[in-house]
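Each chain, letter by letter, is given below.
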Amino acid sequence: MSHIEQIPPYLTWKTRHKVMYPDLDFDKVILPNDDDGIHLGLFDNNTLISVVSLFRTDDSMQFRKFATLSEYQHKGYGSEILLYLLEYSKNAGCDQIWCNARTTAAGFYRKFGFIETDKTSQANGFEYVIMEKNL
Ligand SMILES: CC(C)(COP(=O)(O)OP(=O)(O)OC[C@H]1O[C@@H](n2cnc3c(N)ncnc32)[C@H](O)[C@@H]1OP(=O)(O)O)[C@@H](O)C(=O)NCCC(=O)NCCS
């Protein structure tokens, strides 16, 4: 049985590194403002399976470093934590949520009502597009 809870920043780092940037030095997955974020972890049978980090500016919530362990992907865990953070952000009084999405994940976010903007970028060999949703 799965559950989602707030976790300290350092607990996200291993999953971020393993899933998103296995070829980079471990230190590169640590964000300078990690201490200012709200970090969520989805656990199933005490295994940390999916992580995501939220950063609020005024009434806008950004989520970053969303990662599900590869062997657990496509099983619905990401959707579970995404629905949770949408509700969390709405309840916190935010009226907008956004992310700098890897273009490979854009279809996934579209399913949840996120809309692609014209703001695109590239970094570390990945292409990104900013996607947003009104809450
Ligand atoms: C993006 C990511 C976090 C999604 O997490 P996830 O746990 O795989 O998410 P879900 O399982 O809920 O959904 C993923 C896909 O599986 C599908 N899916 C969900 N449950 C499923 C099931 N039981 N059977 C088959 N497919 C299923 C979803 O429809 C979705 O399809 P889509 O990608 O075509 O939209 C994950 O793929 C990941 O970590 N990717 C690598 C890092 C990354 O790109 N992070 C995002 C950066 S912006």
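Basis of the calculations
- Residues numbered from 1 in each chain as written.
- Predicted model: local features only at pLDDT ≥ 70, side-chain atom pairs only at ≥ 80, totals over all residues.
- Heavy atoms only, no water.
- Core = buried A, V, L, I, M, F, W, Y, C linked by side-chain atoms within 4.5 Å.
- Buried < 20%, exposed > 50% of the residue type's maximum accessible area, 1.4 Å probe, protein only.
- Helix = DSSP H or I, 4+ residues; strand = E, 2+ residues; numbered from the N terminus.
- Contact = heavy atoms within 4.5 Å.
- Near = heavy atom within 4 Å.
- Polar contact = N/O pair within 3.5 Å; in protein donor to acceptor, adjacent residues only side chain to side chain.
- Areas by Shrake-Rupley, 256 points an atom, 1.4 Å probe, with all protein chains shown as cover.
- 1 Å grid on protein atoms, 1.4 Å probe; cavity = no way out; pocket = protein on both sides within 12 Å on 5 of 7 lines; lining within 4 Å.
- Sits in = over half its atoms within 2 Å of the grid points.
- Nonpolar A, V, L, I, M, F, W, Y, C, P; charged D, E, K, R; others polar.
- Phe/Tyr/Trp six-rings, centres within 6.5 Å; stacked < 30°, edge-to-face > 60°.

**Q** Got a minute to help me understand the nonpolar core in this structure?
**A** As a rule of thumb, nonpolar side chains are buried together in soluble globular proteins. Core analysis: the largest hydrophobic core is formed by 24 residues, its most contacted members being Phe63, Leu82, Leu85, Tyr109, Phe114 and Met131. If you list the elements that add at least two residues to this core, you get strand 2 (38–44), strand 3 (47–57), strand 4 (60–68), helix 2 (77–91), strand 5 (96–102), helix 3 (106–110) and strand 7 (126–134). Once residues within four sequence positions are removed from consideration, Met131 is found in contact with Ile97, Trp98, Cys99, Ala101, Ala106, Tyr109, Arg110, Phe114, Ile115 and Glu116.

**Q** Any chance you could explain helix 1 (residues 10–20) here in plain terms?
**A** Three or more residues of helix 1 are buried, namely Thr12, Trp13, Thr15, Arg16, His17 and Met20. Elements that come into contact with the buried residues of helix 1 comprise strand 1 (2–7), strand 2, strand 3, strand 4, strand 5 and strand 7.

**Q** Help me understand the site of the ligand in this model?
**A** Taken together, 17 residues sit near the ligand, with Phe66, Gly76, Gly78, Ser79 and Lys111 positioned nearest. Here an oxygen atom of the ligand and a backbone polar atom of Gly78 are 2.8 Å apart. Between the ligand and Lys111, the relevant distance is 2.8 Å, taken from an oxygen atom to a side-chain nitrogen or oxygen of the residue. In isolation the ligand offers 930 Å² of accessible surface; the protein chains occlude 69% of this area. A majority-of-atoms criterion places the ligand in the largest pocket. Put simply, the parts of the chain that give the shell around the ligand at least two residues each are helix 1, strand 4, helix 2, strand 5 and helix 3. A class-by-class count of the residues in the shell around the ligand yields 8 nonpolar, 6 polar and 3 charged.

**Q** What am I meant to see in the side chain of Ser50 here?
**A** With respect to the helices, strands and loops of the structure, Ser50 is situated in strand 3. Side chain to side chain, Ser50 and Thr68 meet in a polar contact 2.9 Å long. Excluding residues that lie within four positions of it along the chain, Ser50 makes contacts with Leu40, Gly41, Leu42, Phe66, Ala67, Thr68, Gly78 and Ile81.

**Q** I tried to follow the packing of aromatic side chains on my own but got confused; where do I start?
**A** Remark: the centre distance and the inter-plane angle together describe each pair of aromatic rings, the angle taken between the planes. Counted by the stated rule, this structure contains 10 aromatic pairs. On the basis of an interplanar angle of 40° and a centroid distance of 6.2 Å, the ring pair of Phe66 and Phe108 is categorised as tilted. Linking Phe66 in strand 4 with Phe108 in helix 3, this pair joins segments that are 42 residues apart in sequence. For Phe66, a relative accessible area of 15% puts it in the buried group. Through a chain of ring-to-ring contacts, the aromatic side chains of Phe63, Phe66, Phe108, Tyr109, Phe112 and Phe114 assemble into a single cluster.

**Q** How should unusual backbone geometry be read in this particular structure?
**A** With the exception of glycine, the majority of residues adopt a negative phi angle, and the majority of peptide bonds are in the trans configuration. If you check the backbone angles, Asp58 has positive phi at about 50° while not being a glycine. The residue Asp58 is located in the loop between strand 3 and strand 4 in this model. Among the residues examined, Asp58 registers a relative accessible area of 68% and is labelled exposed. One non-glycine residue with positive phi stands out, namely Asn124, at about 50°.

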